[in-house]
Amino acid sequence: MVFENIYNTYWQKIFRLCMGYVNDHAKAQDLTQDIFIIVWKNLSKFRNESNIGTWIFRIATNYCLRQIEKDQRIKTSKLPTNIKEETAAPIETQLKDLYQYISELSDIERIIISLELEDINQAQIAEIVGITPQNVRVKIHRIKLKLTQKFKQNAN
């Protein structure tokens, strides 16, 4: 498979997955770039034992988790993230809030909901995260309830 096709097919999906982890546009772009460098370097090692997308998402989730662990070890001061732009369109504000709420979930929940939002089927999600498809369905349902509750709590 040609790397350019892989990149064009998966870049936006991987970027959105990274946004779910870090809730920072610039950092998500950096993570996405790093992930595609890893994919490019390891493409010859891909054995076609699974779907190429599953393989790429597995690389992405592992890389994001390692980066989060690394960032947590190196504590940095953060600017407040609750400042909302008055000029932001309502849908942009909702997306910003969604990414914020996703970033507050546990690591496994972030992986699962981010993959679900990318329309990855539940069997592939199960393969990526290493749990049963039934467990994926239950977790997706619970995560959606949590996110809905967050939106309701912050509706004011």
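Would you explain the overall build of the protein chain in this entry?
Tallying secondary structure elements over the protein chain gives 7 helices and 0 strands in all. When the helices and strands of the protein chain are read in sequence order from the N terminus, they spell out α-α-α-α-α-α-α. In the protein chain, buried positions account for 37% of the 156 residues. A separation of at least 24 residues holds for 65% of the contacts in the protein chain among residues at least 6 apart in sequence. For the protein chain, the exposed area adds up to about 10,100 Å²; of that, 51% sits on carbon and sulfur atoms.

It is not clear to me how the packing of helix H6 (residues 122–129) against helix H7 (residues 133–153) should be interpreted in this structure. Could you clarify?
A pair of packed helices is characterised by two quantities: the angle between their axes and the separation of those axes. The contact between H6 and H7 brings their axes to 8 Å, and the two run at 100°. Classified by the angle between their axes, H6 and H7 sit roughly perpendicular to one another. Of H7, the residues touching H6 (which contributes Gln122, Ile125 and Ala126) are Pro133, Val136, Arg137 and Ile140.

Explain the pattern of salt bridges to me, please; I cannot follow it from the model alone.
Charged atoms that come close allow side chains of opposite charge to pair. Applying the stated criterion across every chain, the model contains 6 salt bridges. In this structure, Glu118 engages Arg16 in a salt bridge whose closest nitrogen and oxygen atoms are separated by 2.6 Å. Here Glu118 is found in the loop between helix H5 (107–117) and H6, whereas its partner Arg16 is found in helix H1 (residues 3–22), with 102 residues between them in sequence. Since its relative accessible area comes to 5%, Glu118 is described here as buried. Across the salt bridge formed by Arg47 and Glu49, the nearest N and O atoms sit 3.0 Å from each other. Per residue, the accessibility class of Arg47 equals that of Glu49, and both read exposed.

What is the right way to read the nonpolar core from this model?
Most often, soluble globular proteins have nonpolar side chains that are buried together. Ile14 and Ile35 are the most contacted members of the largest nonpolar core, which totals 44 residues. Secondary-structure elements contributing two or more residues to this core are H1, helix H2 (25–42), helix H3 (52–73), helix H4 (90–103), H5, H6 and H7. Ranked by residues supplied to this core, first place goes to H3 with 10 residues. Beyond its immediate chain neighbours, meaning those up to four positions away, Ile14 contacts Thr32, Ile35, Phe36, Ile56, Phe57 and Ala60.

I'm lost on the environment of Thr148 in this one. Help?
As for its placement among the helices and strands, Thr148 is situated in helix H7. Its relative accessible area of 40% is what places Thr148 among the partly exposed residues. Taking the C-alpha atoms as reference, Thr148 lies 9.7 Å from Tyr101; in sequence the two are 47 residues apart.

Cut-offs and rules
- Numbers given for residues are sequential positions, taken from 1 along each chain in its written order.
- In keeping with the model being predicted, local features are shown solely for residues with a pLDDT of at least 70 and side-chain atom pairs are shown and tallied solely at 80 or more, while totals for entire chains, interfaces and linings include all residues.
- Note that the side-chain values use all heavy atoms of the structure and ignore hydrogens as well as water.
- Only DSSP runs of H or I reaching four residues or more are called helices, and only runs of E reaching two or more are called strands; each is numbered from the N terminus.
- Three labels apply to residues, based on accessible area from a 1.4 Å probe with only protein chains included: buried if under 20% of the type maximum, exposed if over 50%, partly exposed otherwise in between.
- The contact criterion used throughout is that any non-hydrogen atoms of two residues lie within 4.5 Å.
- Residue-level accessible areas treat just the shown protein chains as cover; the underlying method is Shrake-Rupley with a 1.4 Å probe.
- To obtain an axis, a line is fitted to C-alpha atoms, over the contacting stretch when the element is a helix, and the angle between two such axes runs from 0 to 180 degrees between their N-to-C directions.
- Reported orientations rely on four angle classes, namely roughly parallel under 35 degrees, roughly antiparallel over 145, roughly perpendicular from 65 to 115, and oblique for the rest.
- Here a salt bridge means any side-chain nitrogen of Lys or Arg lying within 4 Å of a carboxyl oxygen belonging to Asp or Glu.
- To form a nonpolar core, buried Ala, Val, Leu, Ile, Met, Phe, Trp, Tyr and Cys residues must be joined to one another through side-chain atoms within 4.5 Å.

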